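Residues per chain are reported as follows:
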Amino acid sequence: MSTAATPHSRSNGLRFFRLLGVIVASIGAGAAAGFFLGSRTGVKNALQAAQSIDGQTLAKALDWKPEVSFGLEQRREIARLLDEARATRALIESIRHDEEAVRAGARLRALETARDTGASRLERLEQRLDRLDARIDPAPTGSLPKGEARRDSRAAPLGTR
């Protein structure tokens, strides 16, 4: 039985390495084809040439075609105006925020003034109540006569009258 297991495992191992070899060969062939075709396009030279051109050189090159130059100026003007519009919007929002803060501050000052006015009125009312309280006789008043008759009515029991 051990002799039958070895040929089977050997064929699996051989099949694995063949498949691995095919995969590695196809990846290598793809990389070589990509490198060859990529080097033939000239993209590298074009990228280097584009990096060396500055703005003035580009403007001079575009002067020969006025409609391109005019369109470029229009796009620059539009971009500048859009930036100004954004800055203006931000400034307007800032002013609105500041105005709301000023309004809140004014409301707070008005509330503080009303509180102080109410406190001063309350103090005056308390002073008036104190003066009135000092004037009022703490003894109860009523229809009872003053003097001795009053003392007699207190001393007499209810049933004796």
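Fair warning: this is a prediction, and the values are worked out from it, not measured in the lab.

Turning our eyes to something else, we now look at the overall build of the protein chain. Of regular secondary structure, the protein chain possesses five helices and zero strands. In sequence order, the protein chain lays out its α and β elements as α-α-α-α-α. The 161 residues of the protein chain split such that 2% are buried. Surface summary for the protein chain: the accessible area is close to 15000 Å², and the carbon and sulfur share equals 62%.

Mean pLDDT over the protein chain works out to 76, with 61% of the residues at or above the 70 mark. Per-element mean pLDDT across the protein chain ranges from 53 in helix α5 (residues 148–155) up to 86 in helix α4 (residues 66–135).

Counted by the stated rule, this structure contains one aromatic pair. Between Phe16 and Phe17, the aromatic rings sit 5.5 Å apart at their centres with planes inclined by 65 degrees, giving edge-to-face as the arrangement. Both residues of the pair, Phe16 and Phe17, count as exposed.

Let us now look at a negative patch on the surface. Judged by side-chain charge, Glu123, Glu126, Asp130 and Asp133 come together as a negatively charged surface patch. Along the chain, the position of Glu126 falls in helix α4. Relative accessible area serves as the criterion here: at 44%, Glu126 is assigned to the partly exposed category.

Turning to the pattern of salt bridges, a few remarks are in order. Evaluated as defined, the whole model comprises six salt bridges. Glu84 serves as the salt-bridge partner of Arg80, at 2.3 Å between the closest nitrogen and oxygen. Of this pair, Arg80 and Glu84 both sit in helix α4, four residues apart, which is roughly one turn of the helix. The class of Arg80 is partly exposed, set by a relative accessible area of 37%. The partner of Asp116 in a salt bridge is Arg115, with the nearest N and O atoms 3.3 Å apart. Its relative accessible area of 44% is what places Asp116 among the partly exposed residues.

Among the surface-exposed residues, Phe16, Phe17, Leu20 and Val24 lie close enough to one another that they form a single nonpolar patch of about 430 Å² accessible area. Its place among the elements puts Phe16 in helix α1 (residues 2–41).

Each value, and the rule that gives it
Residues numbered from 1 in each chain as written. Predicted model: local features only at pLDDT ≥ 70, side-chain atom pairs only at ≥ 80, totals over all residues. Heavy atoms only, no water. Helix = DSSP H or I, 4+ residues; strand = E, 2+ residues; numbered from the N terminus. Buried < 20%, exposed > 50% of the residue type's maximum accessible area, 1.4 Å probe, protein only. Areas by Shrake-Rupley, 256 points an atom, 1.4 Å probe, with all protein chains shown as cover. pLDDT = per-residue confidence, 0-100. Phe/Tyr/Trp six-rings, centres within 6.5 Å; stacked < 30°, edge-to-face > 60°. Patch = residues over 30% accessible without salt bridge, like charges linked within 9 Å, V, L, I, M, F, W, Y side chains within 5 Å. Salt bridge = Lys/Arg side-chain N within 4 Å of Asp/Glu carboxyl O. Lys, Arg positive; Asp, Glu negative; His and termini not counted. Charge placed at Lys NZ, Arg CZ, Asp CG, Glu CD.

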